[in-house]
Every structure is written in structure tokens, then in C-alpha cells.
Amino acid sequence: MAIRHISTIFCDYLIRADNGRLSFIGTFRSIESPTLPITKAPMGVCIEFMADVGDHFKVSLEGNGINLVLGEGIFSPPHQPTVGQWIASIAAVIGVQFETVGVCEAILRSGDEI
């Protein structure tokens, strides 16, 4: 199975509890500002995806002059799964400065596939 995107969440604050559970405060889909540049810090990003154990992956925020890698590696579960597929989340709190009007996207790659 090819790597598969499940969901992306952008938020004002992202909190990870000691047990690993994530809380999202102030979720949004777009940013509007009367002037540019605008700095969005902090900004939480969480990308959830499914892949086969052993798949290479890279998650980044790209577009509009931004190229920020959020995580990359080899897909492996925290324990031995009973099936070959697993769901994972890459979550990060970042600061981004948007210089111009445009689109910035969360990108999930596996090898050369987007």
C-alpha cells in the first residue's frame, strides 16, 4: 500500500499530554491579515497518515516561500503490530512568517511520491 494522508490540523496551540494524547486549541483552515508580512507563532500542525511498516516518509510545510520539514524517517510502530499497516501522527509547534499572499500546504511524501 502506498502511504496515505488521513488528516491535517492547523491550530493556535497544540498540547501533547504525558500519555501522548493531543489537544488542539483554536483550529483554523486559513489565515487572514490586513497587512503583510504576518508572523504566526506559535502555530500547531498535526498530520496523520497511514503507511506500511518500513516505508520512508517526509512531512513538510511548503509554498509561498516556506519550506519547513516537520518530520521524516522510516515508518515504524512503537511495538510489533499484528498487521503490516499503522497510523501515525507528526505534530509540531512552529513559528512561520508569511511574506506574501498565497497558499502554503502540508505535504506528505514517500520516496518520490507526494
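Residues numbered from 1 in each chain as written. Predicted model: local features only at pLDDT ≥ 70, side-chain atom pairs only at ≥ 80, totals over all residues. Heavy atoms only, no water.

1. As for the pairing of strand β5 (residues 66-74)
Short version of the rule: DSSP calls a pair of strands paired once it identifies at least 2 bridges connecting them. In DSSP terms, a helix is any run of H or I states spanning at least four residues, a strand is any run of E spanning at least two, and both are numbered starting from the N terminus.
The pairing of strand β4 (residues 56-63) with β5 spans 8 bridges and is antiparallel. By the bridge assignment, E62 is partnered in β5 with N67. What sits between the antiparallel neighbours β4 and β5 is a turn of 2 residues, in which N64 has the positive phi angle 60 degrees.

2. Examining the pairing of β4
The sheet contact formed by β4 and strand β7 (residues 105-109) spans 5 bridges and is antiparallel. Looking at β7, one finds that V59 is bridged to L108.

3. Some remarks on the nonpolar core
Most often, soluble globular proteins have nonpolar side chains that are buried together. This is how it is decided: Residue types Ala, Val, Leu, Ile, Met, Phe, Trp, Tyr and Cys, when buried and joined through side-chain atoms within 4.5 Å, form a set referred to as a nonpolar core. For each residue, the accessible area found with a 1.4 Å probe, counting protein chains only, is set against the maximum for its type, and the residue is called buried under 20%, exposed over 50%, and partly exposed in between. Residues are treated as being in contact if the distance between any of their heavy atoms lies within 4.5 Å.
Formed by 21 residues in total, the largest nonpolar core has its most connected members in M43, F49, V59, L70 and I94. Residue assignment for this core shows that the elements contributing at least two residues are β3 (38-52), β4, β5 and β6 (85-98). Among the elements that take part in this core, β3 stands out by supplying 6 residues, more than any other. When near neighbours in sequence (up to four residues on either side) are disregarded, I94 contacts K40, A41, P42, M43, V45, L61, L68 and L70.

4. With respect to the pattern of salt bridges
We count it as follows: Salt bridge criterion: a side-chain nitrogen from Lys or Arg within 4 Å of a carboxyl oxygen from Asp or Glu.
Under the counting rule described, the total for this entry stands at 2 salt bridges. A salt bridge links R109 to E62; the shortest N-O distance between them is 2.6 Å. Within this pair, whereas R109 is found in strand β7, its partner E62 is found in strand β4, the two being separated by 47 residues in sequence.

5. What to know about the confidence of the model for the protein
Interpretation of the predicted coordinates at a detailed level should be avoided for regions scoring low in pLDDT. For clarity, the threshold we go by: How sure the predictor is of each residue is captured by pLDDT, a score from 0 to 100.
For the protein, per-residue confidence averages 87 on the pLDDT scale, and residues scoring 70 or more make up 91% of the total. No element of the protein has a lower mean pLDDT than β6, at 85, and none a higher one than strand β2 (residues 22-28), at 95.

6. Details of the state of the cysteines
Going by this rule: Defined by distance alone, a disulfide is two cysteine sulfur atoms within 2.5 Å.
With the rule as written, the count across this model stands at 0 disulfides. Free of any disulfide, C11 has its nearest cysteine sulfur in C46, 8.2 Å distant. Its sulfur unpaired, C104 is 15 Å from the next cysteine sulfur, which belongs to C11.

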